[in-house]
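Each chain is listed here by its residues.
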Amino acid sequence: MVITSEIPVQALRAGIGRVSAEVIEEIQTRIPEYARPSDEIYIKVVRMAVEQAIEGFLDRVENPGAPWDPEPFRLIGRGEAAEGRNLEPLQTAMRLGARVCWRRLTELAEPLRLSPQTLYDLGEAIFVYLDQLADAAAEGFEEARAHTAGETERRRGHLLDLLLSRPPASAEAIAELAKAAGWRRPRTVACVAFDDRHAAYRAPALPPDVLTGLDRPVPCLLAPDPTGPGQAQLLDQALRGRQAAIGPAVPLSAAATSLRWAREALELSRRGILPRGPLRCADHMATLVVFKDEELVGTLAQARLAPLADLRPAQQDRLAETLLAWLRHGRGAGEVAARLHVHPQTVRYRLRQLEELFGDQLADPDIRFELEIALRARQAVQASTTRP
């Protein structure tokens, strides 16, 4: 669009200072974010930006084919991101500036003898230029936001490394990095371990204070305040349909311990000892303890369940099931029968067999405790062979 033939650009340049002052006054009056009357440096920056925008427009009018450098306006967008604002105040300021400039042009139309067509072309050029300024500022804004987000994510990844390190990092180092990463240190945390076969799946939607380590050898998360109001529901919703284990809630300094338990639960889940995830360690602590040292538990079971060894497998299963129910739910045949869904007379018969096999061992509290451990482990292993 060529509109320079009848426009005295030099005359318009002479009025840049007056127009800039009017634009700045309008912006600071109408937009609270830019109202800083006592901040001389900030006012100087705003004035430079406004004058640069007006001069840039006049340059375009005078020489429409000249190259245009959008970098100053990208810098303005970066500054908005650094101030922690969104782009709405800046876009409003640009529209106000364009309106003031258009108003001044219409006032000068008669003295400068501008034709209606030229005035129309100038108005259209103002708003085309405004779009270009807005696009450049948006590019700078997004670049700054992406850089800030990337830096924050990098710091949070490093923070997760510190929290999960063994031995744990010092409290001072964690506090310093947490502050730099914008992460509020919670009193307790819980770690979530994912099945590494699912590491490439889409990351779950998580609250912003959750630290993510999905690219680690064993993908994991660290959730703050897991027992806080609504936190358990948020975590369950995020993990729905995923093979994962949620470690117990522990102090922040013991985050690595929570992850270790979550990994062990995940391994037991893979083997079928525990159900498929997502599962919570807090719901399966007894099983986790029992299978912490399987060799020792196996030795214990071999010793304590020796009286059943000479029976047929079906007999072993029936008597083991009855003995575990008796140890867990009381010594009344009626209650055990209700748990096993069999006739009380059947339970009495089995209990007499158990008394013959185990003798005085059933009267010893310590042996009964060890029997329950051995029988729970046996039951879990048997369940793993039938669980899909």
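You'll find the protein entered in an unreviewed UniProt entry as DNA-binding CsgD family transcriptional regulator, with Nonomuraea angiospora given as the organism.

**Student:** I'd like a rundown of the packing of aromatic side chains, residues and numbers included.
**Tutor:** Considering all chains together, one arrives at one aromatic pair under this definition. Arranged with centres 5.6 Å apart and planes meeting at 45°, the rings of Phe-57 and Tyr-129 form a pair that is tilted. Here Phe-57, found in helix H3 (residues 40-62), pairs with Tyr-129, found in helix H6 (residues 116-163); they are 72 residues apart in sequence, far enough to count as distant. Overall, Phe-57 belongs to the buried group, its relative accessible area being 10%. Residue classification places Tyr-129 among the buried residues on the basis of a relative accessible area of 6%.

**Student:** How would you explain the pattern of salt bridges if you had to name every residue and give the values?
**Tutor:** Following the criterion strictly, the structure yields 15 salt bridges and no others. Here Glu-143 and Arg-78 are joined by a salt bridge, their closest N and O atoms 3.0 Å apart. Taken together, the positions of Glu-143 in helix H6 and Arg-78 in helix H4 (residues 71-82) put the pair 65 residues apart, joining distant regions of the chain. A residue is classified by how much of its surface remains accessible, and Arg-78, at 25% relative accessible area, is partly exposed. Across the salt bridge formed by Glu-267 and Arg-270, the nearest N and O atoms sit 2.9 Å from each other. Taken as a pair, Glu-267 and Arg-270 lie in helix H9 (residues 255-271) at a separation of three residues, close to a single helical turn. Given the relative accessible area of 36%, Glu-267 is considered partly exposed. Look at the salt bridges and you will find they share partners, linking Glu-71, Arg-74, Arg-78, Glu-139 and Glu-143 into a network.

**Student:** Any details on the packing of helix H2 (residues 16-30) against helix H5 (residues 88-108)? Residues and values, ideally.
**Tutor:** Remark: H2 packs on H5, axes separated minimally by 9 Å, with the N-to-C direction vectors making an angle of 140°. With respect to H5, the axis of H2 lies oblique. Both H2 and H5 take part in a crossing whose hand is right-handed. Facing Arg-18, Val-19, Glu-22, Val-23, Glu-26, Ile-27 and Arg-30 of H2, the residues of H5 in contact are Ala-93, Leu-96, Gly-97, Arg-99, Val-100, Cys-101, Arg-103 and Arg-104. Along the lines of polarity and charge, the residues of the contact of H2 with H5 split into seven nonpolar, one polar and seven charged.

**Student:** Hey, could you go over the packing of helix H12 (residues 313-329) against helix H13 (residues 333-340) for me, with residue numbers and the actual values?
**Tutor:** Where H12 meets H13, the closest approach of the two axes is 9 Å, and the angle between their N-to-C directions is 120°. In terms of orientation, H12 and H13 fall into the oblique class. Viewed along their axes, H12 and H13 form a crossing whose handedness is right-handed. Here Glu-321, Thr-322, Ala-325, Trp-326 and His-329 of H12 come into contact with H13, specifically with Glu-335, Val-336, Arg-339 and Leu-340. Its residues assigned to classes, the contact of H12 with H13 comprises four nonpolar, two polar and three charged.

**Student:** Please provide a residue-by-residue account of unusual backbone geometry, values included.
**Tutor:** Here the amide bond leading from Arg-166 into Pro-167 is cis, since omega sits at 0°, within 30 degrees of zero. Note on placement: Pro-167 falls in the loop between H6 and helix H7 (171-180). The phi dihedral of Asp-225 falls on the positive side, at around 45°, and the residue is not glycine. One can find Asp-225 in the loop between strand E3 (220-224) and helix H8 (231-239).

Thresholds, definitions, all that
Residues numbered from 1 in each chain as written. Predicted model: local features only at pLDDT ≥ 70, side-chain atom pairs only at ≥ 80, totals over all residues. Heavy atoms only, no water. Phe/Tyr/Trp six-rings, centres within 6.5 Å; stacked < 30°, edge-to-face > 60°. Helix = DSSP H or I, 4+ residues; strand = E, 2+ residues; numbered from the N terminus. Buried < 20%, exposed > 50% of the residue type's maximum accessible area, 1.4 Å probe, protein only. Salt bridge = Lys/Arg side-chain N within 4 Å of Asp/Glu carboxyl O. Axes fitted to C-alpha atoms, helices over the stretch in contact; angles between N-to-C directions. Parallel < 35°, antiparallel > 145°, perpendicular 65-115°, else oblique. Left-handed = near helix turned anticlockwise from the far one by under 90°. Contact = heavy atoms within 4.5 Å. Nonpolar A, V, L, I, M, F, W, Y, C, P; charged D, E, K, R; others polar.

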